[in-house]
Amino acid sequence: MNVTVENVDKVSALLTVKIEKADYQERVEKALKSFRKNAQMPGFRKGMVPASLVKKMYGKSALAEEVNKLLSESVYKYIEENKLNILGEPLPNEDKQPEVNFDTQEDFTFLFDIALAPDFKVEVSAADTIPYYNIEVTDEMVDSQVKQYTQRAGEYVPAEAYEDRDMVKGTLVELDEAGNEKEGGIRVEEAVMLPTYMKNDEQKALFAGIKKGETVKFNPHTAWDGNAAELASLLKIEKEAAAEMKSDFNFTVSEITRFKEAELTQEIFDMALGKDAVNNEADFRAKIKEVISGQFVADSDFKFLIDLRNALTAKVGKLEYADGILKRIMLLNNKDKGESYVEENYAKSIEELTWHLIKEQLVKANNIKVEDGDIKEMAKESTRAQFAQYGMMNIPEDMLENYASEMLKKKETIENLVNRVIETKLTKVLKPQVTLEEKSISAADFNKMFA
C-alpha cells in the first residue's frame with residue numbers, strides 16, 4: 001500500500017492511496033471465515049456452508065467493506081503521522097478519481113482533496129493595547145440585591161385598610177341592571193384579588209382605603225380590559241363565558257393582607273452568604289457588592305476576549321483558504337439547507353475558523369490544557385451563575401455536584417464547557433501579556449455595546 005500527498009497550492013493538496021491485493025487479502029479471508037461460521041442455508045448445518053459458496057455470496061461485499069476500512073485507517077494514520085494540519089475531512093476527488101470496480105479489480109487507487117490550514121504565526125505582547133471595561137457596582141444594585149433577600153424572607157400580614165399592592169379577599173356578587181344582586185347570577189366566596197394589577201386606573205381607584213366589612217361596586221370586565229383568562233380565573237367560569245361577562249359586581253371585603261419585607265437579620269445574612277460569613281448590615285452590603293463585582297469580572301473578561309479577537313484577527317490579516325474544498329465540506333454538513341445557505345454563511349464560517357486557528361496557536365504557545373476537573377468545575381461555576389441571577393449565592397456543594405453531573409451527561413454541553421474552560425484560561429494568561437486600557441463604565445453603557 002502506498003499513500004502520497006501532492007500539494008496543489010499552499011492551502012490544498014491531493015492525497016493518493018494505492019491499495020494492492022496483498023494489502024487486503026488476509027483481512028477479506030478472515031471476514032469470509034467469520035461469515036461462514038455464522039452462515040445458515042437450507043441443506044447445510046450452521047457453520048458448514050462450503051467456503052466457495054460463501055465466497056460467491058459474500059465475497060464482493062466483504063472485499064468492498066475491508067478495502068474501505070483499510071482506506072479510512074490508512075488516510076487518518078498518514079495524516080496523523082505526517083502531522084498534516086488539515087481543515088475538515090478529506091473529500092473524494094471529483095475529477096481525477098479512477099473508476100472502482102470490485103468485480104474486476106484487484107488493485108485500487110483512491111484520490112482525496114484535502115484543505116490545509118494556512119501557514120501563519122500570531123503572538124501577543126505589550127505592544128497590543130486592548131480595552132478592558134471595569135463595570136461599576138452602584139449602591140442601587142446593592143440595594144436591589146438586598147431587597148431580593150428581604151422580600152424572599154418577607155410575609156403577608158393582616159391590614160385594616162387597603163393600600164396599593166395589598167391583597168384582598170371577599171365575596172363577589174353579580175349585579176343586575178338596577179344594581180341589585182342578580183337572581184341566578186355569579187357568586188364567588190373567598191375571591192382573591194390584587195387591585196394593583198387592574199388595567200383600568202378608575203376601577204383600581206375604587207378600592208383605595210376600603211376596609212374590612214365594606215363593599216365596593218366595580219366592573220371586572222373594565223378593570224381587566226376584557227382579559228378572558230383573568231376574568232375566568234376570578235369569576236370561576238369558562239374563558240368563553242368570561243369574554244362576554246360585562247356585569248357590575250359587588251365585592252365585600254373579608255380580609256386584607258399586606259406584604260411586609262423582612263428585617264435584615266443574622267438569619268438572612270446566613271441564608272445569603274453562609275453561616276457567620278458576616279454579622280452586620282454594613283459587612284453584608286460590602287459582601288454583596290463584592291459578589292456583584294465578581295460576577296461583572298466574567299462579563300468584562302468576555303468583552304476583553306472579543307476585543308482581543310478583533311485585534312489579533314486584524315493583525316493576522318486576510319488568510320488564504322481552499323474555498324472550493326471548504327464549501328464542499330460545508331455543503332456536505334448542511335445537505336438539507338442547500339448551496340444558498342453555504343454562500344450566505346461561508347464568510348462568517350471563515351471568520352470563526354480564523355479565530356479558531358489563532359486560538360489554537362495561543363493555547364499551544366501558553367501550554368494550556370483542559371483536565372476533567374476543569375470541566376466539572378466550569379459546570380459548577382455555570383450553575384452558581386444561574387442561581388446568582390436570582391440572588392441565590394450560598395448554594396450547597398451537594399446541589400452543585402448534582403447539577404454539574406447532569407450537565408456532563410450531554411455531549412454538546414461538554415463541548416461547550418471545554419470551550420469555556422479554554423477561553424477562561426486563555427483570558428487569564430493573556431491579560432498580563434498585553435497592555436490593558438482600563439475604563440470604568442456603567443452596566444447600562446456596557447450592555448449597550450452588545451445591543
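Residues numbered from 1 in each chain as written. Predicted model: local features only at pLDDT ≥ 70, side-chain atom pairs only at ≥ 80, totals over all residues. Heavy atoms only, no water.

Engineer: Give a detailed account of the nonpolar core, specifying residues and quantitative values.
Structural biologist: Across soluble globular proteins, nonpolar side chains show a tendency to be buried alongside one another. If you look at the biggest cluster of nonpolar residues, it comprises 35 residues, and the most contacted ones within it are Leu87, Leu308, Leu312, Tyr321, Leu326, Ile358 and Leu362. By residue number, the principal contributor to this core is helix α11 (residues 338-365), which donates 9 residues. Sequence-distant contacts of Leu326, that is, excluding residues within four places in its chain, are made with Leu87, Ala115, Tyr321, Tyr346, Ile350 and Leu353. (Core = buried A, V, L, I, M, F, W, Y, C linked by side-chain atoms within 4.5 Å. Buried < 20%, exposed > 50% of the residue type's maximum accessible area, 1.4 Å probe, protein only. Helix = DSSP H or I, 4+ residues; strand = E, 2+ residues; numbered from the N terminus. Contact = heavy atoms within 4.5 Å.)

Engineer: Lay out the side chain of Thr171 with the relevant residues and their values.
Structural biologist: Considering the arrangement of structural elements, one finds Thr171 in strand β7 (residues 167-174). In terms of polar contacts, Thr171 uses its side chain to reach the side chain of Glu189, at 3.1 Å. (Polar contact = N/O pair within 3.5 Å; in protein donor to acceptor, adjacent residues only side chain to side chain.)

Engineer: Describe the environment of Lys10, with residues and values.
Structural biologist: Assignment of secondary structure puts Lys10 in the loop between β1 (2-9) and β2 (12-19). Among the residues examined, Lys10 registers a relative accessible area of 68% and is labelled exposed. Residues Lys10 and Pro50 lie 40 residues apart in sequence; the distance between their C-alpha atoms is 54 Å. Excluding its chain neighbours within four sequence positions, the residues that come into contact with Lys10 are Leu116 and Glu320.

Engineer: Account for the pattern of salt bridges, naming residues and giving values.
Structural biologist: A complete count under the given rule lists 39 salt bridges for this structure. We note a salt bridge from Arg328 to Glu94, for which the minimum N-O separation is 3.6 Å. Here Glu94 lies in the loop between β3 (86-92) and β4 (108-116) and Arg328 lies in helix α10 (residues 323-333), a separation of 234 residues in the sequence. We note a salt bridge from Glu351 to Lys348, for which the minimum N-O separation is 3.7 Å. (Salt bridge = Lys/Arg side-chain N within 4 Å of Asp/Glu carboxyl O.)

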